[in-house]
Amino acid sequence: MDYHINHLKELEAESIFIMREVASQFENPVLMFSGGKDSILMVHLAHKAFFPARIPFPLLHVDTGHNFPETIKFRDELVERLGAKLIVGSVQEAIDNGTVTEEKGINASRNGLQTAALLEALEKGKYDAALGGARRDEEKARAKERFFSHRDEFGQWDPKNQRPELWNLFNGKHHMGEHFRVFPISNWTELDVWQYLAMEEVPLPSLYFAHTRPVFEREGVLLADSDFIMKKDTENVFDEMVRCRTIGDMTCTGVAKSTAKTVEEIIQEIATTRVTERGGRTDDKRSETSMEDRKKQGYF
């Protein structure tokens, strides 16, 4: 299959350049890892950027406690295979400590509670840069980000106060307590990601491939049946052939009907779909500015 190799190699080179800039400019970086394809891509690029040495920064996973079991299994296998250091920020611990209050009711989710756990983990580790796999094509708020995105001492983001990035010059200077979020794959699209993963033959979680699992429908979105989700009496569970396009908290991560069981079939599916990648994320539908509001508070 034609993956436009030159285009993908240019994206790879840009991302690796940015990762090496982070390693040179910051004293204590960390790489955010969710178990999704974009963070898997980030780990793969970091491995290539610094090979034959190990990835020079730890992986940080903010665990909601309501993850797909397949995500945690894949995460642990990847960390062991690469010999990487894994740090886990726990939403459950934040709830137990009284830092955040767990939502109640039918639409309760821990996804929004990740912000407090993330900021606590960044402060505890004294990280001055956090690399993430966000892309500009994902969502309108993420399209506003620079490669090097400044955060103040409270972890907050001001979209109207960002530093210019001309001629691939990145300014990572910051005051004590401040940090940067860095997005090396900003210029990639969902299709680019999948074509590159196929070209590089990168292992992926089974969730991304079509499989049969119990689901139910809520407001036009299929959700995987889970003990973490309270269902209405009218919401009936049935078996369906589905796959994930994004991977996150089970309470808000929709699954899509699909028969794509290989990466090549997924690429063909994405190339013809009119539904956005995050179209099945119920957390994005809470308000018109839900993502931007969370990012201003410290969310990734």
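Refer to the structure presented above.
Residues numbered from 1 in each chain as written. Predicted model: local features only at pLDDT ≥ 70, side-chain atom pairs only at ≥ 80, totals over all residues. Heavy atoms only, no water.

Undergrad: Please provide a residue-by-residue account of a negative patch on the surface, values included.
TA: Together, Glu-93, Asp-96, Glu-120 and Glu-123 make up a region of like negative charge exposed at the surface. Secondary-structure elements contributing two or more residues to the negative patch are helix H4 (91-96) and helix H5 (114-125). Residue placement: Asp-96 occurs in helix H4. (Patch = residues over 30% accessible without salt bridge, like charges linked within 9 Å, V, L, I, M, F, W, Y side chains within 5 Å. Areas by Shrake-Rupley, 256 points an atom, 1.4 Å probe, with all protein chains shown as cover. Salt bridge = Lys/Arg side-chain N within 4 Å of Asp/Glu carboxyl O. Lys, Arg positive; Asp, Glu negative; His and termini not counted. Charge placed at Lys NZ, Arg CZ, Asp CG, Glu CD. Helix = DSSP H or I, 4+ residues; strand = E, 2+ residues; numbered from the N terminus.)

Undergrad: Any chance you could break down the sheet that holds strand S8 (residues 221-224) for me, citing the residues and the numbers?
TA: Pairing is antiparallel around the closed barrel formed by 4 strands, whose spatial order is S7-S8-S10-S9. The mean angle between the axes of side-by-side strands here comes to 70°, regardless of whether they run parallel or antiparallel. Strand direction decides the pairing type here: strand S9 (residues 238-243) and strand S10 (residues 254-257), joined by 2 bridges, are antiparallel. Residue pairing across strands places Val-242 opposite Lys-257, the latter belonging to S10. (Pairing = 2+ DSSP bridges. Axes fitted to C-alpha atoms, helices over the stretch in contact; angles between N-to-C directions.)

Undergrad: Please provide a residue-by-residue account of the environment of Glu-103, values included.
TA: Inspection of the secondary structure assignment puts Glu-103 in the loop between H4 and H5. In this structure Glu-103 comes out as partly exposed when scored by relative accessible area, which is 29%. As for Glu-103 and Leu-113, which are separated by 10 residues in sequence, their C-alpha atoms are 9.0 Å apart. Among the polar contacts made by the side chain of Glu-103, one reaches the main-chain amide nitrogen of Ser-109 at a distance of 2.9 Å. (Buried < 20%, exposed > 50% of the residue type's maximum accessible area, 1.4 Å probe, protein only. Polar contact = N/O pair within 3.5 Å; in protein donor to acceptor, adjacent residues only side chain to side chain.)

Undergrad: Tell me about the pairing of S8, and please be specific about residues and values.
TA: Burial along S8 is two-sided: Val-221 and Leu-223 and Leu-222 and Ala-224, pointing in opposite directions, are all buried. Judged from the 4 bridges that link them, strand S7 (residues 211-218) and S8 form a sheet pairing that is antiparallel. Across the sheet, Glu-217 pairs through a bridge with Leu-222, a residue of S8. Remark: 2 residues form the turn of the hairpin made by S7 and S8, two consecutive strands paired antiparallel; Glu-219 in that turn has positive phi of roughly 50°. Pairing between S8 and S10: 2 bridges, direction antiparallel. Paired with Leu-223 across the strands is Gly-254, a residue of S10.

Undergrad: For the packing of aromatic side chains, give the residues involved together with the corresponding values.
TA: Inspection of every chain in the model, using the stated rule, returns 9 aromatic pairs. A centroid spacing of 5.7 Å and a plane angle of 55° characterise the contact between Phe-26 and Phe-180, whose relative ring orientation is tilted. Here Phe-26 is found in the loop between helix H1 (5-25) and strand S1 (29-32), whereas its partner Phe-180 is found in strand S6 (residues 179-182), with 154 residues between them in sequence. Phe-180 matches Phe-26 in its accessibility class, with the two residues each being buried. Judged by centre distance (5.4 Å) and plane angle (80°), the rings of Trp-194 and Tyr-208 are edge-to-face. One end of the pair, Trp-194, is in helix H6 (residues 190-200); the other, Tyr-208, is in the loop between H6 and S7, with 14 residues separating them in the sequence. Looking at Trp-194, the relative accessible area reads 0%, which means it is buried. Residue class for Tyr-208 comes out buried when judged on its relative accessible area of 1%. One aromatic cluster is present, formed by Phe-17, Phe-26, Phe-147, Phe-148, Phe-170 and Phe-180 through successive ring pairs. The ring of Phe-147 carries Arg-136 above its face, with NZ or CZ at 4.8 Å from the centroid. Directly above the ring of Phe-216 sits Lys-231, whose terminal nitrogen or CZ lies 5.7 Å from the centroid. (Phe/Tyr/Trp six-rings, centres within 6.5 Å; stacked < 30°, edge-to-face > 60°. Lys NZ or Arg CZ within 6 Å of the ring centre and 35° of its normal.)

Undergrad: Before we move on, can you summarise the side chain of Arg-75 with the specific residues and values?
TA: Its location among the elements puts Arg-75 in helix H3 (residues 69-82). The class of Arg-75 is buried, set by a relative accessible area of 9%. Not counting chain neighbours up to four residues away, the residues in contact with Arg-75 comprise Phe-33, His-61, Leu-86 and Val-88. (Contact = heavy atoms within 4.5 Å.)

Undergrad: Quick rundown of the pattern of salt bridges? Include the residues and the values.
TA: Across all of its chains, the model carries 16 salt bridges by this definition. As a salt-bridge pair, Lys-37 and Asp-38 come within 3.7 Å of each other at their nearest N and O atoms. For Asp-38, a relative accessible area of 10% translates into the label buried. Its salt-bridge partner being Lys-48, residue Glu-200 comes within 3.1 Å of it at the nearest N-O pair. One end of the pair, Glu-200, is in helix H6; the other, Lys-48, is in helix H2 (residues 37-50), and 152 residues separate them in sequence. Residue classification places Lys-48 among the partly exposed positions, given a relative accessible area of 29%. One network of salt bridges, with partners in common, ties together Lys-9, Glu-12, Lys-48 and Glu-200.

Undergrad: Tell me about the sheet that holds S1, and please be specific about residues and values.
TA: Strand order in the open sheet formed by 6 strands is S3-S2-S1-S4-S6-S5, with mixed pairing between adjacent strands. The two strands at the open ends of the sheet, each matched to only one other strand, are strand S3 (86-90) and strand S5 (148-151). Between one strand and the next, the sheet's axes are offset by a mean angle of 30°, whatever the strand orientation. Bridge count for S1 against strand S2 (residues 59-63) is 2 bridges, and the pairing is parallel. Each bridged residue has a counterpart across the sheet, and for Met-32 the counterpart in S2 is Leu-60. In the packing of H2 onto the sheet, contacts are made with S1, S2 and strand S4 (129-131), and the angle to S1 comes to roughly 140°. Of the strands in this sheet, S1, S2, S3, S4 and S6 touch H5, which is tilted by about 145° from S2.

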